[in-house]
Structures are given as C-alpha cells and as structure tokens.
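# Structural overview for review
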Amino acid sequence: EADIYQTPRYLVIGTGKKITLECSQTMGHDKMYWYQQDPGMELHLIHYSYGVNSTEKGDLSSESTVSRIRTEHFPLTLESARPSHTSQYLCASSDSSVRRGLASTGELFFGEGSRLTVL
Amino acid sequence: GENVEQHPSTLSVQEGDSAVIKCTYSDSASNYFPWYKQELGKGPQLIIDIRSNVGEKKDQRIAVTLNKTAKHFSLHITETQPEDSAVYFCAARKAAGNKLTFGGGTRVLVKP
C-alpha cells in the first residue's frame, strides 16, 4: 500500500486566487513528481525533484511552481489561478536507492490526485 | 527523447473475453517497460513490468510481451472481469534514474 497523500482532493476556486496543492510521502523516497492529467487521460509531467532543494521543469510547460525543502513534502503552487488551470493533478514518488545489491525498479507510487476547478 | 504510442484509446470487451493493449516506443535504449492501472478516482498503480532481457512475463490473468526488434510491447488480460475496467498506461524508460515516458492511455470497459 502506497503511503503518499494529496490534499485537497477537490478544490473549486475563483480566478486570480493563489492555491497550493499538498503532497506528502512517508516512504523516504528521494524522487517526487507532479503530473497533470487532462480529461483525455494523458499524463503530462510538469515538475520533478530528485532530492531536497532540487526541482526541475517537466515535459509540459506549467505556470505552477514547486519546492522541495523536506524529503517527504513536495507542494505545488499556483500564484494566480485561471480557468485554463482546471485539471487533475497527480503527485508521485519513487525510490532510486540500492538495497541488498539490487537497484530499485523506480516504481512510481501515485497519490489519489487533486482535482482543481477554477471558475 | 522517447516517444510512446498506445493503442487503442478505448476498448470494450465482454466479461470473460481477452483484452490486448499495444504500445510502441521510439528509443532503442529503453530497457524497462511498466504497465499502470488507474481506477476511477485513484492514481495509477503498477500492475506488471518487464525488462528488456525478458520476452514475456505473466502474473495470473495478466501478461506482458516485449519485442525489442520491433520496439513494441503488449499487455494481455485474459478472462476479463468487471473489476478490470479502468484506464491502463504503458510506459518506457532507459537506465534506472531516468524519467518514465507514458503512453496516452487505454480506457477498458468490461461489460457484464
């Protein structure tokens, strides 16, 4: 069972508001990711982090920002939300460590998602 | 970079029938191919994976095959059940530590 949590699960806000989507994992994973999932199902990587104080932009350009001050926490922030930001946001984590001589497969563990609606 | 194509985008099958989802990848250096299942209201979850040194892997009713020469891999679900209804994603990755590239997803509906 994955121990990765996202809050809020659902959020409806007005245009121009600042929002932060929270993501926390208790597995000690070094890598964390944010995906945006549109209604057409596709998963688009928007941010990732390979460790504390490390953040990178993903394959899909996003106006959101992220931070990684603690290993377990990877929040995503939108300074001024717009209707075009309406989407499902999925957080994930993976482990790149080597245990007992075996490298981790890098399996992604996903949270249940945060569905954002901007009016 | 890597590009993963997935077909079909939707698949409707009768309960008890088999379902097959196919993916192709572009980067011959990719060597790890996982499949994720996303149920309604949840995040995707790994269901099976295969490495490039193996041609086929099976886990109960699901199996994955890999053709490195043709750069394609497939997911096979036999004796489908209503709980198999979900969105399935294939993915590909090069060496460990690299990012996964996902296919576009397949929505599977198993009709009772």
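In what follows, the accompanying structure is described.

Rules used throughout
Residue numbers here run from 1 along each chain, matching the order of that chain's written sequence. The order in which chains are written sets their letters, starting at A; the order in which ligands are written sets their numbers, starting at 1. For a predicted model such as this one, the threshold for reporting local features is a pLDDT of at least 70, and the threshold for listing and counting side-chain atom pairs is 80 or more; totals across whole chains, interfaces and linings nevertheless cover every residue. Think of the side-chain values as coming from all heavy atoms in the structure, minus any hydrogens and water. Note on definitions: a residue-residue contact is assigned when non-hydrogen atoms from the two residues lie within 4.5 Å. Accessible area that two parts lose when put together, evaluated with a 1.4 Å probe and summed over both, is termed the buried area. For this document, the term salt bridge refers to a Lys or Arg side-chain nitrogen within 4 Å of an Asp or Glu carboxyl oxygen. By the criteria applied, helices consist of DSSP H or I runs no shorter than four residues and strands consist of E runs no shorter than two, each listed in order from the N terminus. Residues are grouped as follows: Ala, Val, Leu, Ile, Met, Phe, Trp, Tyr, Cys and Pro are nonpolar; Asp, Glu, Lys and Arg are charged; all remaining types, including Gly, are polar. Note on terminology: pairs of cysteine sulfur atoms within 2.5 Å are recorded as disulfides. Any pair of Phe, Tyr and Trp rings, taking the six-membered ring for Trp, is counted once the centres come within 6.5 Å. Such a pair is stacked with planes under 30 degrees apart, edge-to-face with planes over 60 apart, and tilted for the rest. Exposure categories follow from relative accessible area, calculated using a 1.4 Å probe and restricted to protein chains: below 20% of the type maximum is buried, above 50% is exposed, and the middle band is partly exposed. Counted as over-ring charges are cases with an Arg CZ or a Lys NZ within 6 Å of the ring centre that also lie within 35 degrees of the ring normal.

With 24 residues of chain B at the interface, the matching set in chain A holds 22 residues. Between chain B and chain A, the buried area comes to about 1,700 Å², and carbon and sulfur atoms account for 55% of it. Here chain B and chain A share zero salt bridges between them. Secondary-structure elements contributing two or more residues to the side of chain B that touches chain A are strand S4 (32-38), strand S5 (45-51), strand S9 (86-92) and strand S11 (106-111) of chain B. Grouping the constituent residues of the side of chain B that touches chain A by class yields nine nonpolar, nine polar and six charged.

Our focus in this paragraph is the state of the cysteines. Within this structure, the stated rule accounts for two disulfides over all chains. Across the disulfide, Cys23 of chain A is cross-linked to Cys91 of chain A (sulfur-sulfur distance 1.9 Å). Residues Cys23 of chain A and Cys91 of chain A are joined through a disulfide that is left-handed, its torsion about the S-S bond being -75°. Within this pair, whereas Cys23 of chain A is found in strand S3 (residues 19-25), its partner Cys91 of chain A is found in strand S9 (residues 87-94), the two being separated by 68 residues in sequence. Paired by a disulfide, Cys23 of chain B and Cys90 of chain B hold their sulfur atoms 2.0 Å apart. Around the S-S axis, the bridge from Cys23 of chain B to Cys90 of chain B shows a dihedral of about -100° and counts as left-handed.

Enumeration according to the criterion identifies 12 aromatic pairs over all chains in this entry. Taking the centre distance of 5.7 Å and the plane angle of 85° together, the rings of Tyr35 of chain A and Phe102 of chain B count as edge-to-face. With Tyr35 of chain A in strand S4 (residues 31-37) and Phe102 of chain B in strand S10 (residues 101-102), the pair connects residues from two separate chains. Residue Tyr35 of chain A is classed as buried on the basis of its relative accessible area of 2%. Residue Phe102 of chain B is classed as buried on the basis of its relative accessible area, which comes to 11%. Ring centres of Tyr36 of chain B and Phe102 of chain B lie 5.7 Å apart, and the angle between their planes is 65°; on these two criteria the pair is classed as edge-to-face. Remark: Phe102 of chain B occurs in strand S10 and Tyr36 of chain B occurs in strand S4; sequence separation between them is 66 residues. Between Lys31 of chain A and the ring centre of Tyr50 of chain A, over which it is positioned, the NZ or CZ distance is 4.4 Å. In this arrangement the basic side chain of Arg68 of chain A is found over the ring face of Phe74 of chain A, its NZ or CZ atom lying 5.9 Å from the centre.

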